Amino acid sequence: MAGIESVLEWAKQQVAARVPKADLDQRDPDYIREQLPGLWLLASLYFRADVRGLDRIPADGPVLLVGNHSGGNLPPDTFVFTLAFCSYFGVERPFYQLAHNLVVSMPGLGSLRKFGTVAANHDNATLALKSGGALLVYPGGDYEVFRPSWKRHEVDFGGRKGYVKLAREAGVPIVPVASVGGQEAALFLDRGQWLAKLLMVDKTARLKSVPILVAPPWGLTVSDMVPRLPLPTKIAIEVQDPIDADDIAAGDDDVIDKRVLTSLQAGVDRLAARRRFPVLG
């Protein structure tokens, strides 16, 4: 037993050592400015991006953007919202997104760090907000992003409320960001939490899910670490009304969390009501 624990600890250290240290200076406004027109054209044509309510986000200063999350390890909602935010507020406004350790350390995805993507942990989030930046977080993480496709319109953080403490400590407002469409980029069959425990990646790589999905070009796939082609699903996003920093300071975690979840679910329900067909929108 001790031998297995030693191997697991060694594997955990190896994974952690490969995660790039958060460096907010890696965000490159010039690179974003150069890439933005082409990427926004791609998002508009392929995902038919529809983003509303950006004017509800405070025009400057730090803010915590809290979204429901969909689409697996290739989440089109993050892609579309990041482009929309940078287009609306300008590339000079500091904007960061939290992502799983394995995403930010995957080969070939260094460009994400130039857009402001950093590994998801409390220290990195605090650093981004203290720098005066806007920060996008998905509390549901891999639990929500790998939910079965027939639950695509359910907002479920899996009981995670750490984002409320983060906002309270930083003294910043929370702005809920609702989205639909991402969970139709593939057919997600099962979160695979049982498989994560069986493979012990829940201990070594902080992966609570090893999903089972169907997606082109591979068909039936176990895990979402192999590059795939997301289906051209229509992505619709609606920014909700902010929750003031004073309200967050005065309320407890459960109250604020429920308020965020209620706001997000209402936004998702409105967006879902406008859809006629999966993928097509």
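Residues numbered from 1 in each chain as written. Predicted model: local features only at pLDDT ≥ 70, side-chain atom pairs only at ≥ 80, totals over all residues. Heavy atoms only, no water.

## Remarks on the pairing of strand E2 (residues 63–67)
For a regular strand, side chains alternate in direction, first toward one face of the sheet and then toward the other.
And then number 1: In terms of burial, E2 is largely enclosed, as five of its five residues are buried.
And then number 2: The two faces of E2 match: Val63, Leu65 and Gly67 on one face and Leu64 and Val66 on the other face are all buried.
And then number 3: Pairing geometry for E2 and strand E5 (residues 134–137), over four bridges, is parallel. Bridge pairing in E5 links valine 66 to valine 137. (Buried < 20%, exposed > 50% of the residue type's maximum accessible area, 1.4 Å probe, protein only. Helix = DSSP H or I, 4+ residues; strand = E, 2+ residues; numbered from the N terminus. Pairing = 2+ DSSP bridges.)

## Some remarks on unusual backbone geometry
And then number 1: In this model, proline 216 is joined to proline 217 through a cis peptide bond whose omega is 0°.
And then number 2: With respect to the helices and strands, the residue proline 217 is situated in the loop between strand E8 (212–215) and strand E9 (219–222).
And then number 3: In this structure, arginine 48 is a non-glycine residue whose phi angle is positive, near 45°.
And then number 4: With phi around 65°, valine 279 is a residue other than glycine that occupies positive phi space.
And then number 5: Along the polypeptide, valine 279 turns up in the segment after helix H12 (253–273).

## Some remarks on the sheet that holds strand E4 (residues 117–119)
Pairing between sheet strands relies on hydrogen bonds along the backbone, with the strands arranged either parallel or antiparallel.
And then number 1: A sheet is described by the order of its strands in space; here seven strands give the open sequence E1-E10-E6-E2-E5-E3-E4, paired in mixed fashion. Taken across any chain shown, the strands that pair with only one partner, and hence form the sheet edges, are strand E1 (50–52) and E4. Along the sheet, successive strands turn relative to each other by an average axial angle of 25°, direction set aside.
And then number 2: The strands touched by helix H3 (residues 76–89) are E1, E2, strand E3 (95–99), E5, strand E6 (174–180) and strand E10 (236–239); relative to E3, the strand with the most contacts, the crossing angle is about 170°.
And then number 3: Sitting on the sheet, helix H6 (residues 122–130) touches E2, E3, E4 and E5, and the angle it makes with E5 is about 150°. (Axes fitted to C-alpha atoms, helices over the stretch in contact; angles between N-to-C directions. Contact = heavy atoms within 4.5 Å.)

## A few points about the confidence of the model for the chain
And then number 1: Averaged over all residues, the pLDDT of the chain is 89; the fraction at 70 or higher stands at 88%.
And then number 2: Counted against residues more than four places away or in other chains, residues 14–20, with its pLDDT under 50, gives 11 contacts. (pLDDT = per-residue confidence, 0-100.)

## With respect to a nonpolar patch on the surface
And then number 1: A cluster of nonpolar side chains, namely Leu187, Val214 and Leu220, defines an oily patch on the protein surface of about 260 Å² accessible area.
And then number 2: Note on placement: leucine 220 falls in strand E9.
And then number 3: A residue is classified by how much of its surface remains accessible, and leucine 220, at 60% relative accessible area, is exposed. (Patch = residues over 30% accessible without salt bridge, like charges linked within 9 Å, V, L, I, M, F, W, Y side chains within 5 Å. Areas by Shrake-Rupley, 256 points an atom, 1.4 Å probe, with all protein chains shown as cover. Salt bridge = Lys/Arg side-chain N within 4 Å of Asp/Glu carboxyl O.)

## Considerations on H12
Given 3.6 residues per turn, any residue in an α-helix points the same way as the ones three and four places further on.
And then number 1: For H12, spanning 21 residues, the distance from its first C-alpha to its last is 30 Å, which sits close to the expected 30 Å at 1.5 Å a residue.
And then number 2: Among all positions of H12, only Ile256, Asp257, Val260, Ser263, Leu264, Gly267, Val268, Leu271 and Ala272 are buried. Angularly, the buried residues of H12 cover 165° about the axis, an arc narrow enough to put them on a single face. Relative to its buried face, H12 has exposed residues pointing more than 90 degrees away, namely Lys258 and Ala273.
And then number 3: Looking at the buried residues of H12, the elements they touch are E2, helix H8 (162–170), E6, E10 and helix H11 (245–250).
And then number 4: Its side-chain oxygen placed 3.2 Å from the backbone nitrogen of aspartate 254, aspartate 252 serves as the N-cap of H12. (Expected span 1.5 Å × (residues − 1). Arc of directions from axis to C-beta. Polar contact = N/O pair within 3.5 Å; in protein donor to acceptor, adjacent residues only side chain to side chain.)

## Focus: the packing of aromatic side chains
Aromatic rings considered in pairs are described by the distance between their centres and by the relative angle of their planes.
And then number 1: Considering all chains together, one arrives at 10 aromatic pairs under this definition.
And then number 2: Consider the rings of phenylalanine 81 and phenylalanine 95, whose centres lie 6.2 Å apart with planes at 70°: the pair is edge-to-face. Here the residue phenylalanine 81 occupies a position in helix H3, and phenylalanine 95 occupies one in strand E3, the gap between them amounting to 14 residues. A single burial state applies to phenylalanine 81 and to phenylalanine 95, both of which are buried. (Phe/Tyr/Trp six-rings, centres within 6.5 Å; stacked < 30°, edge-to-face > 60°.)

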